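Here is how the chains run, residue by residue.
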Amino acid sequence: MKCIKCNRIKQTSQVGPFPGPLCNSCFVKLIEKRVRKDVRVHKRLKPNSKIRVIDDGSQTAAVTIFLTKRIANEIRSEVIVDFDAECDILVIPWNLDQEVEMQLQKMFAKNPKECKKKEVKLLKTVSKEEILHFAKLKGFEGKKTKSYNKEIAELLLDLEKDHPEIKYSLLKSFEKLGLSL
Ligand SMILES: [Zn+2]
């Protein structure tokens, strides 16, 4: 099939909110571009810093580590993949699905728990399906990332049938309301 980005006939797939099929290299590039934009706009990573990434063995962590290292390289920052090391910035494996589920749970809960200290969710704009595909294309190992809230995850899956972009638009709304940082 023809890739909507580079127009070449290649092996393509339709994963995520893109308006048509993408070849493997365009998919990887567009995900990275989205993550970089989010990092830049929100100033999530700083130059000359020590960045610690938590590895929980998930696919989300594998992709988080890969992209954090690529970005850190360019801003002269050091990346440590560890649980206990000292750091300036802490990056956690956390994706779009988990963020949206958490925000919805907070809205439904009578006494929502306040967010803890600030942690960088590098893949907050990337869905679990996109992470699965990205990890597969890059040959990354890792267990499937767990849902934050299984019931809400199932509800979202149902809603996605008629509204494929619902998670992305919900995240935008949460950001506008200042709920999702
Ligand atoms: Zn392409």
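Refer to the structure presented above.
The present account deals with the structure reproduced in this document. (Residues numbered from 1 in each chain as written. Predicted model: local features only at pLDDT ≥ 70, side-chain atom pairs only at ≥ 80, totals over all residues. Heavy atoms only, no water.)

Digging into the overall build of the protein
Part 1: When you go through the protein residue by residue, the secondary structure sums to 6 helices and 5 strands.
Part 2: Along the protein, from the amino end to the carboxyl end, the secondary structure elements read β-β-α-β-α-β-β-α-α-α-α.
Part 3: Relative to the compact-globule value of 16 Å for 181 residues, the protein shows a C-alpha radius of gyration of 17 Å, a close match.
Part 4: Referenced to the eigenvectors of the C-alpha coordinate spread, the extents of the protein come out at roughly 45 × 45 × 30 Å.
Part 5: Classification of the 181 residues of the protein by burial places 45% in the buried group.
Part 6: If you take every contact in the protein between residues at least 6 apart in sequence, the share linking residues at least 24 apart comes to 73%.
Part 7: With 37 positive and 25 negative side-chain charges, the protein shows a separation of 6 Å between the mean positions of the two kinds. (Helix = DSSP H or I, 4+ residues; strand = E, 2+ residues; numbered from the N terminus. Rg over C-alpha atoms; globule rule 2.2 N^0.38 Å. Buried < 20%, exposed > 50% of the residue type's maximum accessible area, 1.4 Å probe, protein only. Contact = heavy atoms within 4.5 Å. Lys, Arg positive; Asp, Glu negative; His and termini not counted. Charge placed at Lys NZ, Arg CZ, Asp CG, Glu CD.)

Section: the nonpolar core
As a rule of thumb, soluble globular proteins bury nonpolar side chains together.
Part 1: Of all hydrophobic cores here, the largest spans 30 residues; its most connected members are Val 35, Leu 45 and Leu 122.
Part 2: The set of elements that each furnish at least two residues to this core consists of strand S2 (22–23), helix H1 (24–41), strand S3 (50–53), helix H2 (59–74), strand S5 (89–91) and helix H4 (128–138).
Part 3: Broken down by element, this core gets its largest block of residues, 7 residues, from H1.
Part 4: The contacts of Val 35, once residues within four sequence positions are left out, are Leu 67, Ile 71, Leu 122, Leu 123, Thr 125 and Val 126.
Part 5: Listed in part, the 8 residues of the second largest apolar core include Leu 96, Val 100, Leu 104 and Leu 156. (Core = buried A, V, L, I, M, F, W, Y, C linked by side-chain atoms within 4.5 Å.)

Quick notes on the coordination of the zinc ion
Ideal values differ by geometry: the angle at a metal is 109.5 degrees with four tetrahedral donors, but 90 or 180 degrees with six octahedral donors.
Part 1: Protein-derived ligands of the zinc ion are Cys 3 (SG), Cys 6 (SG), Cys 23 (SG) and Cys 26 (SG), with the metal-ligand distances lying across 2.3 Å.
Part 2: Here the zinc ion is ringed by 4 donor atoms whose angles at the metal span 101 to 117°, and the overall shape comes out tetrahedral.
Part 3: In the primary structure, the donors to the zinc ion are separated according to the pattern C-x2-C-x16-C-x2-C. The same class applies to Cys 23 and to Cys 26, which are both buried. (Donors = N, O, S within 2.8 Å, 3.2 Å for Na, K, Ca; no water. Tetrahedral: all angles 85-135°; square planar, octahedral: opposite > 155°, others 65-115°.)

Here's the deal with the sheet that holds S3
Part 1: Strand order in this open sheet of 3 strands is S4-S3-S5, and the pairing throughout is parallel. The sheet terminates laterally at strand S4 (78–81) and S5, the two strands that pair on one side only. Sheet twist, expressed as the mean angle between neighbouring strand axes with direction ignored, is 25°. (Pairing = 2+ DSSP bridges. Axes fitted to C-alpha atoms, helices over the stretch in contact; angles between N-to-C directions.)

What to know about the side chain of Ser 58
Part 1: Within the element layout of this structure, Ser 58 appears in the loop between S3 and H2.
Part 2: Here the side chain of Ser 58 touches Asp 56 through a polar contact of 2.6 Å, side chain to side chain. (Polar contact = N/O pair within 3.5 Å; in protein donor to acceptor, adjacent residues only side chain to side chain.)

Some remarks on the pattern of salt bridges
Part 1: In this structure the tally under the stated criterion is 11 salt bridges.
Part 2: In this structure, Lys 124 engages Glu 175 in a salt bridge whose closest nitrogen and oxygen atoms are separated by 3.0 Å. Here Lys 124 is found in the loop between helix H3 (96–108) and H4, whereas its partner Glu 175 is found in helix H6 (residues 166–176), with 51 residues between them in sequence.
Part 3: For Glu 175, a relative accessible area of 25% translates into the label partly exposed.
Part 4: For Glu 129, the salt bridge identified is with Lys 167, shortest N-O distance 3.1 Å. Placement of the pair is Glu 129 in helix H4 and Lys 167 in helix H6, with a sequence separation of 38 residues.
Part 5: Taking relative accessible area as the criterion, Lys 167 reaches 1% and is therefore assigned buried. (Salt bridge = Lys/Arg side-chain N within 4 Å of Asp/Glu carboxyl O.)

Regarding a positive patch on the surface
Part 1: Together, Lys 5, Arg 8, Lys 10, Lys 29, Lys 33, Lys 37, Arg 40, Lys 172 and Lys 176 make up a region of like positive charge exposed at the surface.
Part 2: Listing elements by their share of the positive patch, those giving two or more residues are H1 and H6.
Part 3: The dominant element in the positive patch, judged by the number of residues it contributes, is H1, at 4 residues.
Part 4: Looking at the secondary structure, you find Lys 176 in helix H6.
Part 5: The exposure class of Lys 176 is exposed, given its relative accessible area of 78%. (Patch = residues over 30% accessible without salt bridge, like charges linked within 9 Å, V, L, I, M, F, W, Y side chains within 5 Å. Areas by Shrake-Rupley, 256 points an atom, 1.4 Å probe, with all protein chains shown as cover.)

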